[in-house]
Amino acid sequence: MTRRRTRTHGRGTAGALTGVLAVLGLLLTLFAASPALAAGYRYWSFWDGAGGRWAYATQGPSTARPADGATLGFRFSVSKDAAAEAAQPRAAADFEAVCGGTAPAEGKKRVALVIDFGVPEDAPAGETPPQGGPRTACAQLAPAATAAEALAEVAKPLRYNGAALLCGISGYPKTGCGEPIEDADQPKPSAPAAASASASASASADSGSGSDSSGSGPSAGLFLGIAAVLALGSAAVWQSRRRRR
């Protein structure tokens, strides 16, 4: 009878240990995923103005072939890489407003373009948008031309990376291409504010105190939770070995 109780208790301890390890694995998975959820990107997004409303394009400019009467939008900003969260062009998707004054030509299609260079807060360090508001232009080109060709018709020079990602329009920005930006939801601080925040963070690190209000890293509670689970797992292993002696 004694041996049966011991074996039953051992199986129960093993089951508890398995559950503890499963919780620990979940916590570590969440910890590893948390930085990716907070990241945004500085990039040119591409939009389709079908029906007078902007919709996140499902193709890239190099493969999309707009029809005659299409409206295309491009917006430079720091935002999430998702249709519901990316910043839209700040001008209306209105073909007539852009191309109404351009007469149709035989064997050509007309494509309206809205090019929004964004706001100074989203500009890379040392650069500013070429103009404050969106630029509009009407491109006339061959029926089979792509959106990239329409853009090149009115907004050279264009810059692409090795993966054919659109990096710059009319020379803006001069460098960078879709780089990840942490805490894209937070306002970008001015240079003095950023320097002050950096100095404050250094002081906190030196003193061993202070809190991280940026939200870009894991919270202290997460570390404490992982430590507690590890402690429980160690105790369960020790208890199991002690019972077997």
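Preceding this paragraph is the structure being described.
All figures in this text were calculated on a predicted structure; none of them were measured in a lab.

**Quick look at the overall build of the chain**
So, point 1. Scanning the chain from N- to C-terminus turns up five helices and eight strands.
So, point 2. Put simply, the chain runs from its N terminus to its C terminus through helices and strands in the order α-β-β-β-α-β-β-α-β-β-β-α-α.
So, point 3. A burial count over the chain gives 31% of its 245 residues as buried.
So, point 4. Put simply, 68% of the contacts in the chain that link residues at least 6 apart link residues at least 24 apart.

**As for unusual backbone geometry**
So, point 1. Between Lys156 and Pro157 the backbone carries a cis peptide bond, its omega angle lying at 0°.
So, point 2. Phi at Ala164 is positive, roughly 65°, even though this residue is not glycine.
So, point 3. Phi angles above zero are rare outside glycine, and Ser170 is one such case at about 55°.
So, point 4. Residue position: Ser170 is located in the loop between strand E7 (166-169) and strand E8 (179-182).
So, point 5. On the basis of relative accessibility, which here comes to 19%, the residue Ser170 falls in the buried class.

**What to know about the pairing of E7**
So, point 1. As defined by bridge partners, strand E6 (residues 158-160) adjoins E7 across three bridges and the pair is classed as antiparallel. Of the residues in E7, the one forming a bridge with Leu158 is Ile169.

**Section: the packing of aromatic side chains**
So, point 1. Using the criterion set out here, one finds six aromatic pairs in the structure.
So, point 2. Each ring, one from Phe46 and one from Phe74, has its centre 4.9 Å from the other, and the planes form 20°; the classification is stacked. Separated by 28 residues along the polypeptide, Phe46 in strand E1 (residues 39-48) and Phe74 in strand E3 (residues 70-79) bring together distant segments of the chain.
So, point 3. Overall, the relative accessible area of 11% leaves Phe46 in the buried class.
So, point 4. A relative accessible area of 0% places Phe74 in the buried class.
So, point 5. Centre to centre, the rings of Trp47 and Tyr56 are 5.2 Å apart; their planes meet at 85°, and the pair counts as edge-to-face.
So, point 6. Classification of Trp47 by relative accessible area gives buried; the value is 1%.
So, point 7. Members of the aromatic cluster, connected to one another through ring pairs, are Trp44, Phe76, Phe117 and Tyr172.

**Considerations on the pattern of salt bridges**
So, point 1. Evaluated as defined, the whole model comprises four salt bridges.
So, point 2. One salt bridge connects Glu179 with Arg42, and the closest N-O pair in it is separated by 3.2 Å. With Glu179 in strand E8 and Arg42 in strand E1, this residue pair connects regions lying 137 residues apart in the sequence.
So, point 3. By relative accessible area, Glu179 is classed as partly exposed at 23%.
So, point 4. Under the relative-accessibility criterion, Arg42 is labelled buried at 10%.

**Topic: the nonpolar core**
So, point 1. Ranked by internal contacts, the top residues of the largest apolar core, which has 22 residues, are Trp44, Phe46, Phe74, Leu113, Ile115, Leu151 and Ile169.
So, point 2. Looking at this core, the elements with two or more residues in it are E1, E3, strand E4 (109-116), strand E5 (135-141), helix H3 (147-154) and E7.
So, point 3. Counting residues in hydrophobic clusters, the runner-up holds six residues, among them Tyr43, Ala86, Ala93 and Val114.

**Things to note about the state of the cysteines**
So, point 1. Evaluation of the coordinates by the stated rule reveals two disulfides.
So, point 2. Through a disulfide, Cys167 is tied to Cys177; the S-S separation comes to 1.9 Å. Residues Cys167 and Cys177 are joined by a disulfide whose S-S torsion is about -70°; by sign, that bridge is left-handed. Taken together, the positions of Cys167 in strand E7 and Cys177 in the loop between E7 and E8 put the pair 10 residues apart, joining distant regions of the chain.
So, point 3. The exposure class of Cys167 is buried, given its relative accessible area of 3%.
So, point 4. Judged by its relative accessible area of 24%, Cys177 is partly exposed.
So, point 5. Counting its disulfide-bonded cysteines in sequence order, the chain shows a connectivity of 1-2, 3-4.

About the cut-offs
Residues numbered from 1 in each chain as written. Predicted model: local features only at pLDDT ≥ 70, side-chain atom pairs only at ≥ 80, totals over all residues. Heavy atoms only, no water. Helix = DSSP H or I, 4+ residues; strand = E, 2+ residues; numbered from the N terminus. Buried < 20%, exposed > 50% of the residue type's maximum accessible area, 1.4 Å probe, protein only. Contact = heavy atoms within 4.5 Å. Pairing = 2+ DSSP bridges. Phe/Tyr/Trp six-rings, centres within 6.5 Å; stacked < 30°, edge-to-face > 60°. Salt bridge = Lys/Arg side-chain N within 4 Å of Asp/Glu carboxyl O. Core = buried A, V, L, I, M, F, W, Y, C linked by side-chain atoms within 4.5 Å. Disulfide = S-S within 2.5 Å.

Note that every value here comes from positions in space, so none of it alone points to a role or purpose.
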